[in-house]
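Listed below, chain by chain, are the residues.
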Amino acid sequence: MTRQVTVVLTKAGRVKIRYPAVQVADDGDRISVRAPWAAEGVRDFGFVRFEPGDVFTEHFWRTRWYAVKEVRTGNGVLKGWYCDVTRPAVLRGGEILVEDLDLDLWVSADGSRVLRLDEDEFAHSGLATSDPEAAGQAVRALDALDDQARTPAGLSALLA
């Protein structure tokens, strides 16, 4: 199954980014797409660089509070996995709708580096006050991803 879709990532009620992708699978819960690096230019995080030519294979779940994005160079070399903590994805028409909840996790290709990101941003987002249930789900999702990343199978076990 391959078809064109648009990934729409929102944050705090506003569209953060919208980009085209090719849907490569949908098992009823997990939707998988492939897309080139969608932002302009290079984004250097210090621990990884996302740049034109990079290819993202992204996995969104309808029942889980995160998305896992496998990042490779244009030549197919694995850079690692970038995980977004999100509300469960919704597929509507030709769009995958995802709400970013600020928390992120980076896992290097060899699994030796697992970094929790944006916890300060999450703390300042006000989600714990405005939607405590969602805030709790977000923290549990980040903890689960972090725990899974540190197992011998790593995040690959989520994608099998």
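Scoring rules and cut-offs
- Residues numbered from 1 in each chain as written.
- Predicted model: local features only at pLDDT ≥ 70, side-chain atom pairs only at ≥ 80, totals over all residues.
- Heavy atoms only, no water.
- Buried < 20%, exposed > 50% of the residue type's maximum accessible area, 1.4 Å probe, protein only.
- Helix = DSSP H or I, 4+ residues; strand = E, 2+ residues; numbered from the N terminus.
- Pairing = 2+ DSSP bridges.
- Expected span 1.5 Å × (residues − 1).
- Core = buried A, V, L, I, M, F, W, Y, C linked by side-chain atoms within 4.5 Å.
- Contact = heavy atoms within 4.5 Å.
- pLDDT = per-residue confidence, 0-100.

Draft legend 1. Main features of the pairing of strand β7 (residues 66–72). Extensive coverage of β7 is indicated by the burial of 6 of its 7 residues. Count of turn residues in the strand β6 (residues 55–61)/β7 antiparallel hairpin: 4 residues.

Draft legend 2. Fine view of the pairing of β6. Across the 7 residues of β6, 6 count as buried, placing the element largely inside the fold. Across 7 bridges, the pairing between strand β3 (residues 30–36) and β6 is antiparallel. Note that in β6 the partner of proline 36 across the bridge is valine 55. Here β6 runs beside β7; their pairing, made up of 6 bridges, is antiparallel. Paired with glutamate 58 across the strands is lysine 69, a residue of β7.

Draft legend 3. Summary view of helix α3 (residues 132–149). Given a rise of 1.5 Å per residue, 18 residues ought to cover 26 Å, and the 26 Å separating the end C-alpha atoms of α3 matches this to within 8%. Those residues of α3 not exposed but buried are Ala134, Ala135, Gly136, Ala138, Ala141, Leu142, Leu145, Asp146 and Ala149.

Draft legend 4. Here's a closer look at the nonpolar core. By size, the foremost hydrophobic cluster in this structure holds 24 residues, and its most contacted members are Val68, Leu105, Leu145 and Leu155. Residue assignment for this core shows that the elements contributing at least two residues are β7, β8 (78–86), β10 (95–108), α3 and α4 (156–159). Those residues in contact with leucine 145, other than ones at most four positions away along the chain, are Tyr66, Val68, Cys83, Leu105, Leu155 and Leu158. Counting 13 residues, the second-largest nonpolar core is a separate cluster that includes Leu9, Ala35, Ala89 and Ile96.

Draft legend 5. Up close: the confidence of the model for the protein chain. In the predicted model, the protein chain carries a mean pLDDT of 95, and 99% of its residues have values of at least 70. When the elements of the protein chain are averaged for pLDDT, α4 gives the smallest value, 88, and β6 the largest, 98.

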